[in-house]
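Descriptive analysis of the structure
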Amino acid sequence: MPKFVNSKVLPFSDKQLYNIIINVESYPEFLPWCKGSEISNRIDENNFDAKLTIGYKALDESYTSRVQGIYLKKITSNAISGPFKYLDSFWFFEKTGNSCMVSFNLSYEFKSFILGKIMGTLFQKASEKMFEAFEDRAKSLYN
């Protein structure tokens, strides 16, 4: 079961960081290997389903996740369709003065052993770069 965990105090507010992460529609603009995003079943700004297309060169896969946010506290995302047995991510936000401690946890497993071998390395690299990409996005928007 591949897993990625990272925590860091960032010089941005909890609101700024939360708004970047909940804005799934903007992911193709800055997330590595994210080729498309589409929102459906929107309950409100913090709770919806999101279809993401990820890929590298000629290899693309799409999946849908249920995104649930508790404003300025946490965002969870769980795959509900696509090539994963499971894909679970959790973002936690803790305001610390003028900064924010943000924690990210991601775990996943592909349904297909072969797809896991093909996409696994790519997805592991994307997972490692994901946290950095969100941090870079905050810097580009708020610095």
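Residues numbered from 1 in each chain as written. Predicted model: local features only at pLDDT ≥ 70, side-chain atom pairs only at ≥ 80, totals over all residues. Heavy atoms only, no water.

Considering the overall build of the chain
- For the chain, the helix and strand inventory stands at two helices and seven strands.
- Mapped in sequence order, the helices and strands of the chain form the string β-α-β-β-β-β-β-β-α.
- In terms of overall dimensions, the chain is globule-like: its C-alpha atoms have a radius of gyration of 15 Å, near the 15 Å expected for 143 residues.
- Oriented by its inertia axes, the alpha-carbon framework of the chain measures out at about 45 × 30 × 25 Å.
- In the chain, buried positions account for 44% of the 143 residues.
- Counting only contacts in the chain whose residues sit at least 6 apart along the sequence, the fraction spanning at least 24 positions is 47%.
- For the chain, the accessible surface area stands at approximately 7700 Å², while carbon and sulfur atoms represent 51% of it.
- Averaging the locations of the 18 positively and 16 negatively charged side chains of the chain gives two centres separated by 3 Å. (Helix = DSSP H or I, 4+ residues; strand = E, 2+ residues; numbered from the N terminus. Rg over C-alpha atoms; globule rule 2.2 N^0.38 Å. Buried < 20%, exposed > 50% of the residue type's maximum accessible area, 1.4 Å probe, protein only. Contact = heavy atoms within 4.5 Å. Areas by Shrake-Rupley, 256 points an atom, 1.4 Å probe, with all protein chains shown as cover. Lys, Arg positive; Asp, Glu negative; His and termini not counted. Charge placed at Lys NZ, Arg CZ, Asp CG, Glu CD.)

Brief notes about the sheet that holds strand 3 (residues 47-56)
- The sheet built from seven strands is open, its strands ordered 1-7-6-5-4-3-2 with antiparallel pairing. The two strands at the open ends of the sheet, each matched to only one other strand, are strand 1 (3-10) and strand 2 (34-44). Neighbour-to-neighbour, the strand axes of this sheet turn through a mean angle of 15°, independent of strand direction.
- In this sheet, strand 5 (residues 74-81) lies alongside strand 4 (residues 59-70) in antiparallel orientation, the contact comprising seven bridges. Across the sheet, residue I70 finds its bridge partner in strand 5, namely K74.
- Seen against the sheet, helix 1 (residues 14-22) touches strand 1, strand 3, strand 4, strand 5, strand 6 (84-96) and strand 7 (99-110) and runs at an angle of roughly 160° to strand 6. (Pairing = 2+ DSSP bridges. Axes fitted to C-alpha atoms, helices over the stretch in contact; angles between N-to-C directions.)

Let's talk about the environment of D88
- Among the structural elements, D88 can be located in strand 6.
- Reaching out from D88, the side chain makes a polar contact with the side chain of N78 at a distance of 2.8 Å. (Polar contact = N/O pair within 3.5 Å; in protein donor to acceptor, adjacent residues only side chain to side chain.)

Notes on the environment of Y27
- Checked against the element boundaries, Y27 lands in the loop between helix 1 and strand 2.
- Once the C-alpha coordinates of Y27 and N6 are considered, the two residues, 21 residues apart in sequence, prove to be 19 Å apart.
- Apart from the residues within four sequence positions on either side, Y27 is in contact with I20, I21, C34, L52 and F134.
- Here the side chain of Y27 touches I21 through a polar contact of 2.4 Å, landing on its backbone oxygen.

What about the pairing of strand 5?
- A loop of three residues connects strand 4 with strand 5, the two strands running antiparallel in sequence, and L72 in this loop sits at a positive phi of about 65°.
- Where strand 5 and strand 6 come together, five bridges link them in antiparallel fashion. Looking across to strand 6, one finds that N78 is bridged to D88.
- Where strand 5 folds back onto strand 6 in an antiparallel hairpin, the turn is made up of two residues, including G82, whose phi is positive at roughly 120°.

Regarding the nonpolar core
- Ranked by size, the top nonpolar core spans 38 residues in total, and within it L17, Y27, L31, I75, W91, F93 and F134 carry the most contacts.
- Put simply, the parts of the chain that give this core at least two residues each are strand 1, helix 1, strand 2, strand 3, strand 4, strand 6, strand 7 and helix 2 (113-142). (Core = buried A, V, L, I, M, F, W, Y, C linked by side-chain atoms within 4.5 Å.)

No statement about biological role is implied by the geometric values presented.
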